[in-house]
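# Structural description and commentary
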Amino acid sequence: MASKLLLITFVICRLLSTVGFTMDPLARVTGQLSSDPDDLEAASRDFGGMSRAKPLAVLHPASAEDVASVVRAGSAQGFTVSARGHGHSINGQAQVGRNGVVIDMSGPKGRRFREEFTKPVLGEVVSRGGDSRSRSYYVDVWGGELWIDVLKWSLDEHGLAPKSWTDYLYLSVGGTLSNAGISGQAFHQGPQTSNVYELDVVTGTLRKGELMTCSEEKNSELFHGVLGGLGQFGIITRARIALETAPQRVKWVRVLYSNFSAFTKDQEYLISLHGGGSSERFDYVEGFIIVDEGLINNWRSSFFSPRNPVNLTSIGAYDVLYCLEVTKNYDKSTADTVDQVVETLLKKLDFIPSSVFTTDVTYLDFLDRVHKAELKLRAKNLWHVPHPWLNLFVPKSQISKFNDGVFKGMLAGNKTSGPILIYPMNRNKWDQRSSVVTPDEDVFYLVALLRSATEEGPHTLDNLRDQNRRILHFCEESGIKVKRYLPDHSTLDEWKGHFGEKWEAFKQMKMKFDPSHILAVGQRIFQPSFTSHGIFDL
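What you are looking at is a predicted structure, and each value in this text was computed from that prediction instead of being measured.

## With respect to the overall build of the protein chain
Within the protein chain, the secondary structure is distributed over 16 helices and 18 strands. Counting the 538 residues in the protein chain, one finds 56% classified as buried. Per element, the accessible surface of the protein chain, about 23200 Å² overall, is 49% carbon and sulfur.

## Quick notes on the pattern of salt bridges
The full count for this structure, using the stated rule, is 27 salt bridges. Close ionic contact of D200 with R238 constitutes a salt bridge, the shortest N to O distance being 2.7 Å. You can see D200 sitting in strand β8 (residues 196-203) and its partner R238 sitting in strand β10 (residues 234-245), a full 38 residues away along the chain. Accessibility assignment for this pair places D200 and R238 in one class, buried. Across the pair K347 and E343 runs a salt bridge, and its minimum N-O distance is 3.7 Å. Residues participating in the shared-partner salt-bridge network are D140, E198, D200, R238 and R240.

## Some words on helix α16 (residues 503-513)
Of the positions making up α16, those classed as buried are W503, F506, M509, K510 and F513. The buried residues of α16 occupy an angular sector of 125° when the element is viewed end-on, so they sit on one face. Next to the buried residues of α16 lie β8, β9 (211-215), α7 (220-226) and α15 (492-499).

## Comments concerning α15
Buried within α15 we find W495, H498 and F499. Here the buried residues of α15 occupy an arc of 85° about the axis, which is enough to place them on one side. Those residues of α15 that are buried are in contact with β18 (483-484) and α16. Following α15 by one or two positions, G500 has its phi on the positive side, about 55°.

## Some remarks on the confidence of the model for the protein chain
Summary statistics for the protein chain give a mean pLDDT of 88 and a share of 85% for residues scoring 70 or more. In the model, residues 18-23 has pLDDT below 50 throughout and makes 12 contacts with residues more than four positions away in sequence or in other chains. Note on residues 298-302: pLDDT under 50 across the span, and 14 contacts to partners over four residues away in sequence or across chains.

## Concerning the side chain of S434
You can see S434 is positioned in the loop between β16 (420-426) and β17 (443-449). Classification of S434 as buried rests on a relative accessible area of 7%. In this structure the side chain of S434 is engaged in a polar contact, spanning 3.3 Å, whose partner is the backbone nitrogen of V436. Residues within four places of S434 in sequence aside, it is in contact with H224, L227 and K502.

## Structural notes on the nonpolar core
Generally speaking, nonpolar side chains in soluble globular proteins are found buried as a group. Counting 57 residues, the largest nonpolar core has W165, V173, L177, L199, L222 and I241 as its most contacted members. In terms of residues, this core owes the most to one element, helix α4 (residues 147-158), which gives five residues. Beyond its immediate chain neighbours, meaning those up to four positions away, L199 contacts L177, M212, T213, C214, F223, V226, L227, I236, R238 and A239. Core analysis: the next-biggest nonpolar cluster, separate from the first, contains 45 residues, L349, L392, I399 and L411 among them.

## Some thoughts on the sheet that holds strand β3 (residues 80-84)
Strand pairing in a sheet relies on backbone hydrogen bonds, with the paired strands running either antiparallel or parallel. The mixed open sheet is built from four strands, whose spatial order is β1-β2-β4-β3. Looking at the sheet topology across the chains shown, the edges are occupied by β1 (32-34) and β3. Adjacent strand axes in the sheet meet at a mean angle of 20° when their direction is disregarded. Of the pairings in the sheet, the one linking β1 to strand β2 (residues 57-60) comprises three bridges and is antiparallel in character. Within β2, the residue paired with S34 across the bridge is V58.

## Concerning the packing of aromatic side chains
Given two aromatic rings, their pairing is described by the distance between the two centres and the angle made by the two planes. Evaluation of the coordinates by the stated rule reveals 25 aromatic pairs. Relative to F506, the ring of F499 has its centre 4.1 Å away and its plane inclined at 25°; by these criteria the two rings are stacked. Side by side, F499 and F506 carry an identical accessibility label, which is buried. Ring pairing ties together the aromatic residues F233, W495, F499, W503, F506 and F526, which thus form one cluster.

## Notes on unusual backbone geometry
At N381, a position not held by glycine, the phi torsion is positive, near 60°. Considering the arrangement of structural elements, one finds N381 in the loop between α12 (369-379) and β15 (390-395). Positive phi is not limited to glycine here, since R524 has a value of about 60°. Inspection of the secondary structure puts R524 in the segment after α16.

## Quick word on the environment of E198
By the secondary structure assignment, E198 is in strand β8. For E198, a relative accessible area of 17% gives the class buried. Along the chain, E198 and S220 lie 22 residues apart, while their C-alpha atoms are 9.7 Å from each other. If sequence neighbours within four positions are ignored, E198 has contacts with T213, C214, S215, F223, R238, A239 and R240. Of note is the side chain of E198, whose polar atom sits 2.6 Å from the side chain of R238.

## So, the side chain of H498
Take H498: it is sitting in helix α15. Setting aside its immediate chain neighbours within four residues, H498 contacts V437, K483, R484, P487 and H489.

## Concerning the environment of D39
Topologically, D39 is positioned in helix α2 (residues 37-43). Assessed through its relative accessible area of 11%, D39 is described here as buried. Residues D39 and V102 lie 63 residues apart in sequence; the distance between their C-alpha atoms is 9.7 Å.

## A word on the packing of helix α13 (residues 399-410) against helix α14 (residues 461-478)
Running from N to C, α13 and α14 cross one another at 150°; their axes reach a closest spacing of 10 Å. Put simply, α13 runs roughly antiparallel to α14. You can see that α13 and α14 cross each other, and the crossing is right-handed. Along its contact with α13, which presents K401, F402, G405, V406 and M410, the element α14 presents Q467, R470, I471, F474, C475 and S478. When the residues that make up the contact of α13 with α14 are grouped by side-chain class, the tally is six nonpolar, three polar and two charged.

Cut-offs used in this document
- Residues numbered from 1 in each chain as written.
- Predicted model: local features only at pLDDT ≥ 70, side-chain atom pairs only at ≥ 80, totals over all residues.
- Heavy atoms only, no water.
- Helix = DSSP H or I, 4+ residues; strand = E, 2+ residues; numbered from the N terminus.
- Buried < 20%, exposed > 50% of the residue type's maximum accessible area, 1.4 Å probe, protein only.
- Areas by Shrake-Rupley, 256 points an atom, 1.4 Å probe, with all protein chains shown as cover.
- Salt bridge = Lys/Arg side-chain N within 4 Å of Asp/Glu carboxyl O.
- Arc of directions from axis to C-beta.
- Contact = heavy atoms within 4.5 Å.
- pLDDT = per-residue confidence, 0-100.
- Polar contact = N/O pair within 3.5 Å; in protein donor to acceptor, adjacent residues only side chain to side chain.
- Core = buried A, V, L, I, M, F, W, Y, C linked by side-chain atoms within 4.5 Å.
- Pairing = 2+ DSSP bridges.
- Axes fitted to C-alpha atoms, helices over the stretch in contact; angles between N-to-C directions.
- Phe/Tyr/Trp six-rings, centres within 6.5 Å; stacked < 30°, edge-to-face > 60°.
- Parallel < 35°, antiparallel > 145°, perpendicular 65-115°, else oblique.
- Left-handed = near helix turned anticlockwise from the far one by under 90°.
- Nonpolar A, V, L, I, M, F, W, Y, C, P; charged D, E, K, R; others polar.

So this is what it looks like as structure tokens:
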């Protein structure tokens with residue numbers, strides 16, 4: 001194995017030498033630096049399936065120092081570096097192209113989650129007052145670890161779980177923290193970026209390529225900048241994630257609305273309860289749009305029995321239906337009262353009375369619900385298709401206008417090729433010191449059009465891309481001040497508009513922590529300083 005590793009390293013160094021790089025900066029790498037065609041091909045693609053950029057090499061790191069060594073070499077020798085988690089980006093954000101190295105953050109080939117390299121470490125938060133009654137815990141995890149594995153480890157070993165989630169758990173810790181990480185818990189817990197105590201980050205600093213520990217108290221500028229920073233300032237190699245006692249089971253409820261105002265009023269009421277006790281609020285609030293009857297039976301279909309599909313025609317005529325999705329967590333101590341809590345909360349809502357659908361699942365099964373849909377799509381060879389997703393943050397004051405123009409305008413009466421999510425969040429749960437950009441209103445909505453392209457029919461890649469452009473144009477023309485989540489912009493001016501008043505600080509952070517602009521070039525924000533090519537030439 002050692003001789004094979006030396007051979008691979010030699011081959012890669014020879015490759016690097018052909019484009020002017022020397023061997024010395026990579027001498028400390030103990031992981032696997034690969035030019036294997038399969039590795040290069042995997043690193044050239046992502047979930048979006050709309051772009052490809054084959055790298056010069058792929059690193060499978062064996063330590064954070066391996067990551068630092070490659071970044072150090074990139075700074076010194078003039079090649080770009082990008083961290084790749086689970087490859088779930090949409091528009092090539094983790095790609096580097098022919099003059100770069102992709103760091104596969106899943107780690108060394110063949111190493112399992114609980115082995116020494118990626119084994120989580122549980123710790124206890126020491127409160128300033130020393131009150132043992134208010135114990136809280138954290139887990140230190142490798143930046144490339146998947147959230148599903150973090151969940152299973154903390155749940156199985158300690159009965160604990162992270163506080164905030166994404167809908168899909170097969171994403172890397174560093175990947176979601178570089179964006180925000182959101183789901184239906186965000187109204188109460190905030191995004192994942194608001195539930196981190198500490199980070200280890202490899203910056204692109206020219207002289208050092210240094211590994212820095214940062215937190216609220218230590219290197220706080222880097223800490224807040226990296227959270228939601230789109231990978232521009234460094235690569236997260238360790239994250240200290242806040243934990244809480246995990247519930248055992250979940251009451252999972254869906255109700256339907258035909259009136260958008262009633263739907264949004266109820267959603268906004270439910271997220272306003274975030275300050276109340278556990279028995280006074282739901283633990284998760286999301287929603288989605290139904291513009292054709294097939295969607296409610298096919299998306300997350302495990303919610304309904306296949307023998308008892310939902311017949312929307314029994315509800316009456318409609319152009320668009322809106323589904324509210326809520327949950328209540330419980331365990332043995334609250335099992336006797338959970339139904340009453342759910343019933344009391346539902347009584348205050350104005351949904352269609354005949355449309356209540358309820359199921360009861362384990363906490364793990366609920367959090368991992370989207371993976372079941374993935375397995376079904378994989379079985380039908382429908383997973384590896386282009387995904388021209390569009391994710392928007394829409395201000396509360398303009399969500400009705402968005403509904404009229406998009407849901408009831410462009411989309412109504414047409415079949416869809418994926419779920420369309422819509423749910424509100426409280427801005428005060430987001431730390432505005434982070435790099436994440438949100439609308440400047442107390443409440444804003446996520447609208448996520450999660451479509452899959454087909455080779456024929458109305459949902460071809462070109463048609464869906466064109467529809468995304470028309471939606472963005474409608475927002476601009478209508479004065480709807482949306483912000484892109486998981487942003488993908490084409491010009492520097494568009495990026496300046498995206499970050500708004502945060503742009504100057506963002507640019508200064510880039511100069512401080514990645515002065516050669518070698519990191520995350522797939523985001524297409526900054527041009528590497530050593531290239532004379534166009535700003536977005538990969």
